[in-house]
Amino acid sequence: MANENVLQNEAIKDFDFEAMEDLISQQLEDQIADLDLAEEDRAKIGNPDSLGKTIFDEVVRQFGNQVGLDITSGTLTQQYDKSHPEEAGGYNKAIADDIVQRGEYKDASKAMKEKQQAGNLKDEYTGKKLQLGEDKANLDHVVPRKEIFEDYRRKLSGVETADLANKVENLAPTNESLNKSKGAKSNTEQIEYLKENRQNLLDSAEKSKQKIDAIDKMSDLDKRLAKEKIDKRTQDKLSANENLMKNVDDKARKAINKDVRNGAIKNTAKEAGKNAMKAMASAALLDLLKEVIQGLVRFFRTKAKSFKTFLAEMKGSIKAFLSKVTNFIRGGATNAFGTVTTEIIEYVFGPIVGMFKHFTSMLKQGISTFVDAIKFLMDKRNRNMPFSIKVAQVGKIVTVGSAAAGAIFLGEAIEKALISPTNPLSAIFNVKIPLLGTIGNLTGLFLASLISGVIGAIAMNLIDKFIGNKLKEDSSKKIIDKQNEILNLQEQQIAVVTQVGEFRKNKVLNNIDSRHKEANEISKDILDNIFTPVSESEYSFEDMQADLDSLL
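This report concerns the structure included in the present document. (Residues numbered from 1 in each chain as written. Predicted model: local features only at pLDDT ≥ 70, side-chain atom pairs only at ≥ 80, totals over all residues. Heavy atoms only, no water.)

## Overview of the overall build of the protein
Helix and strand counts for the protein come out as 21 helices and four strands. A total of 552 residues make up the protein; the buried ones form 35% of that total. In the protein, of all internal contacts separated by at least 6 residues, the share reaching a separation of at least 24 is 77%. Element-wise, carbon and sulfur atoms account for 59% of the exposed surface of the protein, whose accessible area totals about 34100 Å². (Helix = DSSP H or I, 4+ residues; strand = E, 2+ residues; numbered from the N terminus. Buried < 20%, exposed > 50% of the residue type's maximum accessible area, 1.4 Å probe, protein only. Contact = heavy atoms within 4.5 Å. Areas by Shrake-Rupley, 256 points an atom, 1.4 Å probe, with all protein chains shown as cover.)

## Some details on the pairing of strand β2 (residues 171–175)
Two faces, one strand: in a regular strand the side chains alternate between the faces of the sheet. With five of its five residues buried, β2 lies for the most part within the structure. Sheet topology note: the strand β1 (residues 137–141)/β2 ladder contains five bridges and is antiparallel. If you follow L139 over to β2, its bridge partner there is P173. (Pairing = 2+ DSSP bridges.)

## Looking at the side chain of N187
Looking at where N187 falls in the secondary structure, it is placed in helix α11 (residues 187–213). For N187, a relative accessible area of 0% gives the class buried.

## Quick look at the pattern of salt bridges
Applying the stated criterion across every chain yields a total of 21 salt bridges. Measuring nitrogen to oxygen at the nearest pair gives 3.9 Å for the salt bridge that ties D151 to R153. Taking the relative accessible area as the measure of exposure, D151 reaches 21% and is therefore partly exposed. The partner of K246 in a salt bridge is E242, and the shortest N-O contact between them spans 3.1 Å. Here the residue K246 and the residue E242 both occupy positions in helix α13 (residues 242–301), the gap between them amounting to four residues, near one helical turn. The partly exposed category is assigned to E242, whose relative accessible area is 27%. Salt bridges sharing common partners tie together D98, R102 and E160. (Salt bridge = Lys/Arg side-chain N within 4 Å of Asp/Glu carboxyl O.)

## Topic: the environment of E271
Counting through the fold element by element, E271 comes out in helix α13. Sequence separation of E271 and L76 is 195 residues, and the distance between their C-alpha atoms is 7.9 Å.

## Re a nonpolar patch on the surface
A cluster of nonpolar residues, F446, L447, L450, I451, V454 and I455, forms a patch on the protein surface that exposes about 460 Å² of accessible area. Within the secondary structure layout, V454 lies in helix α20 (residues 439–531). Judged by its relative accessible area of 32%, V454 is partly exposed. (Patch = residues over 30% accessible without salt bridge, like charges linked within 9 Å, V, L, I, M, F, W, Y side chains within 5 Å.)

Next comes the structure, spelled out in structure tokens:
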């Protein structure tokens, strides 16, 4: 037991109780500070002032969102249609005639005739030479004009039909008979037509020659010449070479598709950049207006109004606005992404976008909602958030997106009602504001944003109540846990202080005991010296005096 006590005392002696006491004291202070923060957070949950701010922010956000979607809703196809009203009625004779009246076609036709006169004009579809005086050469549009006109991808690139139809690769000289037979068919269609109708064409030629033979007033020479013409026209049609026609068609389509693809990419990138800037500008201006209004409200609420106070509030508003610049950039990027996605869908799947008037706006809103939800879930600060609260927060994001989607249709309905001829004030609402649209359009956007904003805010408030109750529950548990941790640390602190006191008391007692043992040893030595006999020569009077002094 004595050895154990010695070892324990040695261990206690080496332990730094003061450092331990300081550490526990610091931990205790930290826990008390966390407890204060937790209580403050719980006090903020469900604060009615924050609900009013949420409604105001949501209305402004919805209006900014609707303005941004409205001014960037037009697709490249829709923009092309607006700038080319002459194409609204579809392909017609006027458009077809305009194509062959263009300088590119006339120059190519002139060059074709010059080659025929020089004796080196080849029929691109048959491979034969087109002889001057024997063959009438025609300049055919390999990819038909009507097909090019009706290709929706052409509008994405912003290229007119004539520019593509009259490309060098799309103009092929051939004989008149084959060209007329082809008409508005593609080369592939013409090849299939000739395969399927070869015998019919031959039979038709024979019938035509029989009719000529039946003409009594026609000389045999004229009949022979007429029948030779019929045979030549028939042979010109049937001599079309399948491989040649396919090669010419492939070459023409590659050239046309290249122009369409490059133009679409260029226009889409340009449009995405413009839409991003428009979306950022509209959102930024409206947010700046919101911050300024809130700054003015705070200024008018202050009792001591001064120019200095006014400037301070305006500086605060601008600072708050600047702190959200990344949000505006992200909104612009989302809008640009939506633009690119829309154009890709239209390019790949056809004019599906045009079937739905608000397809572009709905798609951009959906992308924005998706990006917001992913951003929330990926945020490191939300990783330890309870799953139920995560679901509720994502629900808020979806609710806002749904409200915005509803506002798109609601805004159009309001606008139509305002500009309707039955409305006596329609003339006022039809007044256009540069870059923004009509007054009716802006009014519809504002009212739709107001309604959807309030509805969205109410829905968000219901979700916030659930989140608030959950957070209060978690906060209360957190506070209780903190309080328990504080009590535990206090108990540890008391135990350490008690142990330090015991250690110090034992240390003092050990020091006293050591002093007593040392005094005893000294006394024993002195007594031994006194009662030990010594010779006179060895122990003098001076030595005795010294021993007595040491006893004193």
